[in-house]
Amino acid sequence: MGLWLRTRRIPVLAAALAACAALTAAAGDTLVDLPSLGSDAARPLVLFAPLLVCMGLAFSLSSRLPAAEASGSRPVTRFDQALVLAAVLLSVVVAYAVAVLLDAPTANTVGRNTAFLVGLMLCTRRAAGHQVAAIAPIAWVITMMLIGNTGGNGQPHPWTVILMPPDHVPAALAATAMLALGTVAAPAAPLLRDAT
């Protein structure tokens, strides 16, 4: 267990979670004007907070000792899955706490969006390797900001997930499904070998 903790560089992930919590608390319901092809709608600044958790997890999960992990008797894959779920759960709790304590309902989207983007990262990691997985959540956020709106009224398309309001149940279900799929895919070896 100690070797796994050192190998996965848990302090880096902890720093990413702390930065996510700080950005969520500082941003609250703050809206910023971002480029978009669909409308001039302002977007919540907390849209970027889940990316910090995704980057921390991508870094932690890419820090491996393949030979030792393959030959060891510890359930390393279960540890990795537990790490993913703990990081996402902590993000959900922090987002909810900020939303309640600071009366900033938009901050509550951070937990849902973290679940979705982490699941997306893990699925991409399985399909394309560590390097591509690290940029997949960033690419999703940027793409949704650019093309995620309907017409000129600024309403997001339902398939964007991350742009939906905090109480949007289908978005929460989609995020849960993506996280579940990603968590199941996490222990599997990438289909494509990473160039290392």
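Rules of the game
- Residues numbered from 1 in each chain as written.
- Predicted model: local features only at pLDDT ≥ 70, side-chain atom pairs only at ≥ 80, totals over all residues.
- Heavy atoms only, no water.
- Helix = DSSP H or I, 4+ residues; strand = E, 2+ residues; numbered from the N terminus.
- Buried < 20%, exposed > 50% of the residue type's maximum accessible area, 1.4 Å probe, protein only.
- Contact = heavy atoms within 4.5 Å.
- Axes fitted to C-alpha atoms, helices over the stretch in contact; angles between N-to-C directions.
- Left-handed = near helix turned anticlockwise from the far one by under 90°.
- Nonpolar A, V, L, I, M, F, W, Y, C, P; charged D, E, K, R; others polar.
- Core = buried A, V, L, I, M, F, W, Y, C linked by side-chain atoms within 4.5 Å.
- Expected span 1.5 Å × (residues − 1).
- Polar contact = N/O pair within 3.5 Å; in protein donor to acceptor, adjacent residues only side chain to side chain.
- Parallel < 35°, antiparallel > 145°, perpendicular 65-115°, else oblique.

A. Spotlight on the overall build of the protein chain. Within the protein chain, the secondary structure is distributed over 8 helices and 4 strands. When the helices and strands of the protein chain are read in sequence order from the N terminus, they spell out α-α-β-β-α-α-α-α-α-β-β-α. Residue burial in the protein chain is summarised as follows: out of 196 residues, 44% are buried. Put simply, of all contacts in the protein chain between residues at least 6 apart along the chain, 72% involve residues at least 24 apart.

B. Main features of the packing of helix α6 (residues 109-128) against helix α8 (residues 169-185). Taken N-terminus to C-terminus, the directions of α6 and α8 make an angle of 35°; their axes are 7 Å apart at the nearest point. The two elements α6 and α8 cross, and the hand of that crossing is left-handed. Taken together, the residues of α8 that come into contact with α6 (itself represented by Arg112, Ala115, Phe116, Val118, Gly119, Leu120, Leu122, Cys123 and Arg126) are Ala171, Ala172, Ala174, Ala175, Met178, Leu179, Leu181, Gly182, Thr183 and Ala185. Residue composition of the contact of α6 with α8, by class: 14 nonpolar, 3 polar and 2 charged.

C. Highlighting the nonpolar core. Formed by 40 residues in total, the largest nonpolar core has its most connected members in Leu57, Leu117, Val118 and Ile162. With 9 residues, α6 is the largest single contributor of residues to this core. Not counting the four nearest positions on each side in its chain, Leu57 is found in contact with Leu13, Leu83, Val84, Ala87, Val118 and Met121.

D. Quick peek at unusual backbone geometry. The backbone of Asp103 sits at a positive phi, close to 50°, despite the residue not being glycine. For Asp103, a relative accessible area of 64% corresponds to the exposed category. The backbone phi angle of Val161 is positive, close to 60°, even though this residue is not glycine. By secondary structure assignment, the location of Val161 is in the loop between β4 (155-156) and α8.

E. Region of interest: α6. In this model α6 runs 27 Å from its N-terminal to its C-terminal C-alpha over 20 residues, within 8% of the 28 Å that 1.5 Å per residue would give. A large share of α6 lies buried, amounting to 17 of its 20 residues. Phi turns positive, to about 100°, at Gly129, one or two residues after α6.

F. Molecular detail of helix α3 (residues 49-62). Taking 1.5 Å per residue, 14 residues should reach 20 Å; α3 reaches 21 Å between its end C-alpha atoms and fits that length. Taken across its 14 residues, α3 has 10 buried, putting it largely inside the fold. Each element contacted by the buried residues of α3 is listed here: α2 (10-27), α5 (76-101), α6 and α7 (130-147).

G. Structural context of the environment of Pro156. Tracing the backbone shows Pro156 in strand β4. For the pair formed by Pro156 and Met145, sequence separation is 11 residues and the distance between their alpha carbons is 9.2 Å.

H. Structural detail: the side chain of His130. Here His130 shows up in helix α7. Assessed through its relative accessible area of 17%, His130 is described here as buried. In this structure the side chain of His130 is engaged in a polar contact, spanning 3.1 Å, whose partner is the side chain of Arg125.

I. Spotlight on the environment of Leu47. Structurally, Leu47 is set in the loop between β2 (42-44) and α3. Distance from Leu47 to Thr114, taken between C-alpha atoms, is 9.5 Å for residues 67 residues apart in sequence. Residues within four places of Leu47 in sequence aside, it is in contact with Asn113, Val141, Met145, Ile162 and Leu163.

J. Looking closely at the packing of α3 against α5. Close contact between α3 and α5 brings their axes to 11 Å; oriented N to C, the two are set at 165°. Relative to α5, α3 is oriented roughly antiparallel. Considering the relative orientation of α3 and α5, their crossing is right-handed. Residues Val53, Leu57, Ser60 and Leu61 of α3 form the contact with α5, whose participating residues are Asp80, Leu83, Val84, Ala87 and Ser91.

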